[in-house]
Structures are given as C-alpha cells and as structure tokens.
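Chain by chain, the residues run as shown.
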Amino acid sequence: MRVRNYSECTVRNYVSSIAYLAKHYNLSPEKITREQVKSYAYHLIQNKHVSVSSINQLISAWKIFQVDILRNEWEDFRLKRPKREKKIPQVLSQQEALQLIDTPRNLKHKMILKLAYATGLRRGELLALQLKHIDSARNIIRVIKGKGNKSREVPAPLALIEELRQYYKRFRPKTYLFEGYKPGNPYSATSIEKIVKDAAQRAGIKKDMYPHVLRHSFATHMLEKGVNLKRLQIILGHSSMKTTSVYLHLANSDSVDLPNLLEPKRKQNVPGKR
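Treat the numbers as computed from the prediction; the structure is a model and nothing was measured. (Residues numbered from 1 in each chain as written. Predicted model: local features only at pLDDT ≥ 70, side-chain atom pairs only at ≥ 80, totals over all residues. Heavy atoms only, no water.)

**Student:** Requested: an account of helix 4 (residues 94–102), with residues and values cited.
**Tutor:** All of the buried residues along helix 4 are Glu-96, Ala-97, Leu-100 and Ile-101. Taken around the axis of helix 4, the buried residues stretch over an arc of 135°, which confines them to a single face. Relative to its buried face, helix 4 has exposed residues pointing more than 90 degrees away, namely Gln-95 and Asp-102. Along its buried surface, helix 4 packs onto helix 5 (107–119), helix 8 (189–203) and helix 9 (212–224). (Buried < 20%, exposed > 50% of the residue type's maximum accessible area, 1.4 Å probe, protein only. Helix = DSSP H or I, 4+ residues; strand = E, 2+ residues; numbered from the N terminus. Arc of directions from axis to C-beta. Contact = heavy atoms within 4.5 Å.)

Structure follows, in structure tokens:
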C-alpha cells in the first residue's frame, strides 16, 4: 500500500481490519474463507453496530489481501458491499457555530474550533497541520496529503491569520500547529472530539455534536453566502461534485423566497364593490 502511495491512515486502518478479522477467528487470514468474512461482517453490524464505511473498509482490505498478497482471483472471494445510508449531515446555524467557538476559555481549544469552522478542514488535516503549512503572506493554509493523499490550498480569513500569530506567540509549538503535552507531537484526535462535545454542552447546543459537524457547517454556510459550488468542492478537497452537492440540500439561502402555506389567503378588495 505504501508503494501505491496510500495514506498512512488508510494503511493503518486496512492492516487493523485484517488483524481484527484474524483475531476474531484465531486463524491466519489466508485460511479464512469468504463465508467467514461475511459472518464476521454481520457480527460487526449486528453486535458492534459499526458503520457502513467500516464494513466497506474491511472489504477493501480483504480485496487487497486476496488479490495482491495471495494472488487469488477476486471473483472467488468477492463480497458485496452494503448500501450506504443517505444521511443528511448535521449542521449548526451560524449563530450556534459562533457560540460554540466563543465558549472555551482555553486559547488552544478556542483556536482549534475556530480554525475547523473557518476553513472546513477535516479533523485529521487539522492535526497534521505544521507551522510551515501556513502561508501568512497569501492568507492560505496548505493541506499536505489530506484524505485520499491529496494536497490542496485553503483560504483563511486575514483575522484568523492574525489570531494564529497571537496563538503562536503564546504556545510556541515546535512542529505541529496544535501539539499535546510532549513538544513536537500532534494533538490527539480524541482530545479534539472532547473539546467539541464539551463546548457544545456548555453552549447549550442540543444537537448531536462531533468534529465533522464544523466542516458540514462551514460548507453549508459558504453556500448560503453565495460561494460557487465548484469553488467549494476545491476548498473541501472533494474528488466529486456529487459529494459537495449534498450541501445544497442544507443551505437555507432560498427559504426566504418560499411562500408560507400556513398563512391564509387574504381577500382582495375589489374597487366599486361593498
């Protein structure tokens, strides 16, 4: 997978998928049959309540193992992928997003939330940000090897760049923009999730909150502000316009033009009639 330039996150996840499969049956993975993999996937769905994405990840890892490692024909080991549930992403209103950001007293926590919302970066991209990735002269944040191993440039508001300068003067991170207790090591993913949930609770936000909600909110609010869909696709780093277009269903820009069907029709006075 590394030779094929898969991201380290994908390598880690695929290897873990096969390792857990082998551990479940206490067998070398080469001795595991297709029916056993199907039974294991059913076990994960029914008993562990894993997502469709996790099952698809298992199938992808299984395919690489069978075809590229064992040199087997995929038709002999093919598994059908489960259908993805078409969920509408959770989003905050702009007011809720600003309340969330304003809640933490800790400057690092506040900057993590602010950067996530103002740029739409994924959690992993946020954690991987290094000081050299911030181009303050151009007001640009460079995402290096994001999801799908793709790199891109994301615009950052001038005010945010200035706040990042103040943040740097306060914390003096060594390598990564957000570092844990040990200098030079990135902040943990679980810590960011905790920051988001704690801030939402203190802000009185009742919605189901997780870090990706800030990315969904960024995309939705950008469309509401009139940002072109193609431009948004590039900023978000989506390979397909179809992925970005889901936010069209969430944007509230045209709702003010819709008639209120619950309002009774007013009678018009016709001149000359009483």
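**Student:** Help me get a handle on the pattern of salt bridges, residues and values and all.
**Tutor:** This structure, assessed with the given rule, holds 14 salt bridges. Measuring nitrogen to oxygen at the nearest pair gives 2.6 Å for the salt bridge that ties Glu-125 to Arg-122. Grouping residues by exposure puts Glu-125 and Arg-122 together as buried. The shortest N-O distance in the salt bridge between Glu-153 and Arg-138 comes to 3.0 Å. In this pair, Glu-153 sits in strand 3 (residues 152–155) while Arg-138 sits in the loop between strand 1 (134–135) and strand 2 (140–143), placing the two residues 15 residues apart along the sequence. You can call Arg-138 partly exposed: its relative accessible area is 46%. If you follow the salt bridges from partner to partner, you end up with Arg-122, Glu-125 and Arg-152 in one network. (Salt bridge = Lys/Arg side-chain N within 4 Å of Asp/Glu carboxyl O.)

**Student:** Requested: an account of the pairing of strand 3, with residues and values cited.
**Tutor:** Burial along strand 3 is one-sided: the residues Arg-152 and Val-154 are buried and none of Glu-153 and Pro-155 is. Examined bridge by bridge, strand 2 and strand 3 share 4 bridges and lie antiparallel to one another. Of the residues in strand 3, the one forming a bridge with Val-143 is Arg-152. (Pairing = 2+ DSSP bridges.)

**Student:** Account for the environment of Trp-74, with residues named and values stated.
**Tutor:** Checked against the element boundaries, Trp-74 lands in the loop between helix 3 (52–69) and helix 4. Residue class for Trp-74 comes out buried when judged on its relative accessible area of 10%. Linking Trp-74 and Thr-175, residues 101 residues apart in sequence, is a C-alpha distance of 43 Å. The contact partners of Trp-74, leaving out residues within four places of it in the chain, are Ile-59, Trp-62, Lys-63, Val-67 and Leu-79.

**Student:** Could you give me a rundown of the sheet that holds strand 2, with the residues and numbers involved?
**Tutor:** Strand order in this open sheet of 3 strands is 1-2-3, and the pairing throughout is antiparallel. Single-partner strands in this sheet number two, and they are strand 1 and strand 3.

**Student:** Summarise the packing of aromatic side chains; cite the residues concerned and give the values.
**Tutor:** Counted according to the given criterion, the structure contains 4 aromatic pairs. Note on Trp-62 and Phe-77: the rings are 6.2 Å apart at their centroids and 70° apart in plane angle, and the pair reads as edge-to-face. Taken together, the residues Trp-62 in helix 3 and Phe-77 in the loop between helix 3 and helix 4 connect sequence positions 15 residues apart. Phe-77 carries the same exposure label as Trp-62, and that label is buried. Geometrically, the ring pair formed by Tyr-167 and Phe-171 is tilted, given 4.9 Å between the ring centres and 35° between the ring planes. Residue Tyr-167 and its partner Phe-171 are located together in helix 7 (residues 158–171), separated by 4 residues, close to a single helical turn. Exposure remark for Tyr-167: the relative accessible area of 1% places this residue in the buried category. (Phe/Tyr/Trp six-rings, centres within 6.5 Å; stacked < 30°, edge-to-face > 60°.)

**Student:** So, a positive patch on the surface: which residues are in play, and what are the values?
**Tutor:** Taken together, the side chains of Lys-63, Arg-81, Arg-84, Lys-147 and Lys-150 present a region of like positive charge at the surface. Mapped onto the fold, Arg-81 is located in the loop between helix 3 and helix 4. With a relative accessible area of 42%, Arg-81 lands in the partly exposed category. (Patch = residues over 30% accessible without salt bridge, like charges linked within 9 Å, V, L, I, M, F, W, Y side chains within 5 Å. Areas by Shrake-Rupley, 256 points an atom, 1.4 Å probe, with all protein chains shown as cover. Lys, Arg positive; Asp, Glu negative; His and termini not counted. Charge placed at Lys NZ, Arg CZ, Asp CG, Glu CD.)

**Student:** Kindly report on the nonpolar core, identifying the contributing residues and their values.
**Tutor:** Generally speaking, soluble globular proteins have nonpolar side chains that are buried together. Ranked by internal contacts, the top residues of the largest apolar core, which has 45 residues, are Leu-100, Leu-115 and Phe-178. Per element, the largest residue contribution to this core is 6 residues, and it comes from helix 5. Each residue touching Leu-115, except ones within four places of it in the same chain, is listed here: Gly-120, Leu-126, Leu-129, Ile-141, Leu-160, Leu-164, Leu-177 and Phe-178. Formed by 13 residues, the second largest nonpolar core is a distinct cluster that contains Leu-21, Leu-44, Ile-55 and Phe-77. (Core = buried A, V, L, I, M, F, W, Y, C linked by side-chain atoms within 4.5 Å.)

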